[in-house]
Amino acid sequence: MEDIFSYWPWLLLLLPVAYLLGWLKGISFKKAESSNSSNSLSSDYFKGLNYLLSDQQERALPVFLHLVQVDNETIDTHLALATIYRRSGNYDKAIEVHQNLIAKPSLSAKYRSKALLELGRDYLAAGLFDRAEGLFNDVIKNGFYEQQARQYMLDIYQQEKEWSEAVKVTRSLIQNGDSTLRSLIAQFYCEISDQYFKKGNIKQAEVAAKDALSYDSDCIRAIIVRVQNAVALRKFKDAIKFIKRIEQTDSRYFPVILPYCIESYRELGKLNELIDYLKSVESHHANLSLMQGIVNLLVEVKGEEAALIYIQKQLVLRPNINGLASFIELMNKQDNFAENSHFQKLQKAVEHIRQKNDLYQCNKCGYTSGTLNWQCPSCLVWGEIKPLIGDMNAKN
Ligand SMILES: [Zn+2]
């Protein structure tokens, strides 16, 4: 009689077939389960859904609010309804839907967090920052959607200009993996530094500026702040060190620190050295403010003749109205023309059209302004406003 073990190679071949049959059975079981669950959705739910799809949100709201059972399959529809309300400015209704969701005992912890997060967004959109902040804190404690909650808290702190809080929440976001925020946190530290500087606490202003650079070593604003702090502390050699760093990082900003630059070199008795240095900066990046600074220094240190020679060269290299105005002004001084001479009239006319201030423009939205804002007042993006028209290379 043949032993059963003599059939074992056949049994081995049947194993994959058995596995396949089991898998197919599993699928059909899942299908049946899902169809049962669909059947369990109440007719009210579909009624509400119909209203929503036919753009009748007003009629959908009471239907959804009175649904007893809210589960993982229907919650997305509730959330969508609330989002429609929030986007159309109907904050009260969005809040009502979200509060109604949170009160449902059948909701999973994750979805409860989602509803809390969305409720916080309703309050944020309605301008009720304190309530929104409390809800986002609850979301963080619950352990779901924490990063999103922190992002919205960051919006609040920026709008309220609470820079220390903004630093704390941004630090958490960075620690949890968002390294794109390093340049943003540097801007917040610069804001803190500015506040200390205005109060006369230069040492704390320095600490904050160093913190900014520890997150973003190329933060041009933080380097400018360090120049300003060094001059205030009469550490002129340090100031010059940071001035040279600005030139290397982004020389377009050089005119912003030109007054500090002149003060530092003057205090160290090195104005001649400064003239040579500014000329070398200008050879890399010509700028109307820089050119005017050099003219003034040449007049002071080497006399009007030297200034005239310099400006004639500049006018050949880069013809510009400011250079022409300075040239005519110097010629009038030198030759002492009479009050109503043609040169005097020419000087007045050119003076009228010369560009007096630097202009700044946002790289993101194109907003232009006569003052340097670190956060664009139009698109609210940080660090994208760059010096523009004083910049002769950019103009070309
Ligand atoms: Zn902008």
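Bear in mind the structure is a predicted one, so any value in this text is a computation, not a measurement. (Residues numbered from 1 in each chain as written. Predicted model: local features only at pLDDT ≥ 70, side-chain atom pairs only at ≥ 80, totals over all residues. Heavy atoms only, no water.)

Caption draft 1: Summary view of the overall build of the protein. Scanning the protein from terminus to terminus reveals 20 helices and three strands. A buried classification covers 42% of the 396 residues belonging to the protein. A separation threshold of at least 6 residues defines the contact pool for the protein, and within that pool the share at least 24 residues apart is 52%. Roughly 22000 Å² of accessible area belongs to the protein as shown, and the carbon and sulfur atoms make up 53% of that amount. (Helix = DSSP H or I, 4+ residues; strand = E, 2+ residues; numbered from the N terminus. Buried < 20%, exposed > 50% of the residue type's maximum accessible area, 1.4 Å probe, protein only. Contact = heavy atoms within 4.5 Å. Areas by Shrake-Rupley, 256 points an atom, 1.4 Å probe, with all protein chains shown as cover.)

Caption draft 2: Spatial organisation of the coordination of the zinc ion. Of the protein atoms, only Cys362 (SG), Cys365 (SG), Cys376 (SG) and Cys379 (SG) coordinate the zinc ion, at distances of 2.3 Å. Geometry at the zinc ion is tetrahedral, judged from the four donor atoms that bind it and their angles of 104 to 113° at the metal. All donors of the zinc ion come from a single chain, and their spacing in sequence reads C-x2-C-x10-C-x2-C. (Donors = N, O, S within 2.8 Å, 3.2 Å for Na, K, Ca; no water. Tetrahedral: all angles 85-135°; square planar, octahedral: opposite > 155°, others 65-115°.)

Caption draft 3: Structural view of helix H14 (residues 254–267). Look at H14: 19 Å from first C-alpha to last across 14 residues, which is about the 20 Å you get at 1.5 Å a residue. At tyrosine 260, H14 is deflected by roughly 35°, the largest bend along its length. Of the residues making up H14, those classed as buried are Phe254, Pro255, Ile257, Leu258, Cys261, Ile262, Ser264 and Tyr265. Buried residues belonging to H14 abut helix H12 (220–232), helix H13 (236–250), helix H15 (271–284) and helix H16 (288–301). In the stretch just after H14, glycine 269 is the one whose phi turns positive, near 65°. (Expected span 1.5 Å × (residues − 1). Bend = angle between axes of the 7 residues up to and from the residue.)

Caption draft 4: Looking closely at the nonpolar core. In this structure, Phe136, Phe188, Ile246, Phe254, Leu274 and Leu278 are the most contacted members of the largest nonpolar core, which totals 82 residues. Core analysis: the second largest hydrophobic core is formed by eight residues, Ala60, Ala82, Tyr85 and Ala94 among them. (Core = buried A, V, L, I, M, F, W, Y, C linked by side-chain atoms within 4.5 Å.)

Caption draft 5: Structural context of the packing of H12 against H14. Their axes nearest at 10 Å, the elements H12 and H14 cross at an angle of 30°. The orientation of H12 relative to H14 falls into the category roughly parallel. Classified by chirality, the crossing of H14 by H12 is left-handed. Touching Ile224, Val227, Gln228 and Val231 of H12 are Val256, Ile257, Tyr260, Glu263 and Ser264, all from H14. (Axes fitted to C-alpha atoms, helices over the stretch in contact; angles between N-to-C directions. Parallel < 35°, antiparallel > 145°, perpendicular 65-115°, else oblique. Left-handed = near helix turned anticlockwise from the far one by under 90°.)

Caption draft 6: Quick look at the environment of alanine 166. Inspection of the secondary structure puts alanine 166 in helix H9 (residues 163–175). C-alpha of alanine 166 to C-alpha of arginine 150: the two residues are 16 residues apart in sequence and 9.7 Å apart in space. When neighbours within four sequence positions are excluded, alanine 166 is seen to be in contact with Leu154, Tyr157 and Phe188.

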